[in-house]
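Overview (structure and organization)
Spelled out from the first residue to the last, the chains are:
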Amino acid sequence: MPSLMRLPIRLRMALWFAALLWLLVGAMSVFLLSALDDVVQEQIDAALRLRASRVEREITTGDDDRLDPQDVQASLLDLAPFEELSAPGIYVQVRDIRGAVIAASANLPRDELPVTQELLASALQDREAFETVSVGNEQVRILAWPVDTSGPVVGVVVVGQSLRLVEVTRQGVERLVTIAAIVATVAAGLGGWWLTSRALGPMADVTRVARDIAATGRFEQRIARPAGDDEVGQLVQTFNEMLARLERIFALQREFLADASHELRGPLMVIRGNLDLLRLGIPEDERRDCVREAGEEVERLSRLASDLLFLAATDAAEVVEQLPVRLDQVVVGAWERARLTDHGRHEIVLGENQPSEVIGDRTRLDQLAWNLVENALRYTQAGGRVELSLTRAGNQATFVVRDTGLGIAAEHLPRIFERFYRVDKARSRGNGGTGLGLAIVKRVAESHQGHVSVTSEPGRGTTFTVTLYVRAVAAQHDGPSEIRQASAERQVRA
């Protein structure tokens, strides 16, 4: 069996088909031959009964319709040969009640058929009896028929029929069945090979494409899908979908690595340049500018590393924590942080903020809210307006950040959630962005079974909308007015 398992699948399937058909034909052959033997034996036994009854009628003709044991021997010996005695392969004997032969057909190879005592005893007890015996080189079917006319049994008619013709016929049938079994088995093997070759043809394509991809790294290859929508076709479709996904992932990975190396190179070059200047003994005010600029770049590198680690963590696991989170408190936290860090450059408004609770990670939801607010502040001119709101409808909560900033052109909207994608790269770097904020927003929303969308009009502003599923309706306290009042009190105390 282990050696069989090392064979190709199509060869194994062909062998299994052939073996199964061989067993099936063999079982059918055994049944057919057994049924044939039974039918032939019934026909022979019926013919033997007919001959025995005719012989009985011939030897019992007389006035008293009885056989006298003294006279019957001479009478039977004088009988002219009749059809039952002269037919080829048919043997007839007439025996008296002592079992002695009183008449026999001339074609017997010897004076008597090998009739057993049990067979004679059954016939003398007025019961027909059958037996198969050997006569010379052939098998003979024997019937012992009682001769009883209208009184006690007075003799026995023994009729035999050669089974040579039956044996020859049976051997011919066996040869035909064997030839048919061999032909059917070969046909089953060839047919199984052909069918499995057609069925497994796409599998060979899968293997070829997989090996080629492993050797070349080209994921753009695809496998032609079979015409039928069967399991193999579904496998090919799944494999093609997997290749498409891998192609996208590797393309994004290459783009990500290129962008990450580019983003890291800029701050490092600035820091290195400033360190080189500090070694030259430049004036104190220039030294302070170099230190300040290097510190800003270090801070930017720190944010970039933090964002990269955050995305790596969200890629590794859907949600780190599964805890109840008050989404309205997350919104208030982002609003308060914006007011503290903006220093009055923008009008920051907290609109409707309905109590809502979700199951998720508070830290990541804080990151989502702050990234959207920070993005709005970065691309809104001084004096512009940034508004936050949270509404709930049924089992969904909708968090909206709306600004009156620069806006985004329509051709950029489909890509703004990609990592390191910027509408205006120079302006983004000048504003201190890492190019990962919106990618983090999208990843966090999806990891909480939500989604984020954006609408924008250049020169008039942008609106980001995040939709999350709420666990249950929160208690009707800590509403917007109470939150604003508590926040104001905290700022007065600070």
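Residues numbered from 1 in each chain as written. Predicted model: local features only at pLDDT ≥ 70, side-chain atom pairs only at ≥ 80, totals over all residues. Heavy atoms only, no water.

1. Remarks on the pattern of salt bridges
- What the rule picks out here adds up to 19 salt bridges.
- Here E174 makes a salt bridge to R170, at a shortest N to O gap of 2.1 Å. A residue pair is termed a helical-turn pair when its members lie 3 or 4 positions apart in one helix, as E174 and R170 do in helix α6 (residues 164-216) at four residues.
- On the accessibility criterion, R170 (26% relative accessible area) is partly exposed.
- The partner of E296 in a salt bridge is R292, with the nearest N and O atoms 3.1 Å apart. Taken together, the residues span about one helical turn, with E296 and R292 both in helix α8 (residues 284-316) at a distance of four residues.
- With a relative accessible area of 44%, E296 lands in the partly exposed category.
- Look at R292 and you get partly exposed, because its relative accessible area is 45%.
- Here the salt bridges do not stand alone but share partners, grouping E347, R385, E387 and R402 into one network. (Salt bridge = Lys/Arg side-chain N within 4 Å of Asp/Glu carboxyl O. Helix = DSSP H or I, 4+ residues; strand = E, 2+ residues; numbered from the N terminus. Buried < 20%, exposed > 50% of the residue type's maximum accessible area, 1.4 Å probe, protein only.)

2. Observations concerning the packing of helix α10 (residues 362-378) against helix α12 (residues 437-447)
- The geometry of α10 relative to α12 is characterised by a closest axis approach of 9 Å and an angle of 145° between their N-to-C directions. Remark: the crossing between α10 and α12 carries left-handed chirality. For the pair formed by α10 and α12, the contact residues are R364, L365, Q367, L368, N371, L372 and N375 on the first element and G437, L438, I440, V441, V444 and A445 on the second.
- When grouped by side-chain class, the residues that make up the contact of α10 with α12 number eight nonpolar, four polar and one charged. (Axes fitted to C-alpha atoms, helices over the stretch in contact; angles between N-to-C directions. Left-handed = near helix turned anticlockwise from the far one by under 90°. Contact = heavy atoms within 4.5 Å. Nonpolar A, V, L, I, M, F, W, Y, C, P; charged D, E, K, R; others polar.)

3. Quick word on the nonpolar core
- Counting 49 residues, the largest nonpolar core has L372, L388, F399 and I416 as its most contacted members.
- When residues of this core are assigned to their parent elements, the largest contribution, eight residues, is made by α10.
- In terms of nonpolar packing, the next biggest core, distinct from the first, is built from 17 residues, I90, W145, V154 and V159 among them. (Core = buried A, V, L, I, M, F, W, Y, C linked by side-chain atoms within 4.5 Å.)

4. Remarks on the packing of helix α9 (residues 327-342) against α10
- Contact geometry for α9 and α10: axes closest at 9 Å, N-to-C directions at 40°. In terms of their interaxial angle, α9 and α10 are classed as oblique. As for how α9 packs across α10, the hand of that crossing is right-handed. On the side of α9, the interface is formed by L327, Q329, V330, A334, R337, A338, T341 and D342, while α10 contributes R362, L365, D366, A369, W370, V373 and L377.
- Classifying every residue of the contact of α9 with α10 gives nine nonpolar, two polar and four charged. (Parallel < 35°, antiparallel > 145°, perpendicular 65-115°, else oblique.)

That's the geometry; what it means functionally is another story.
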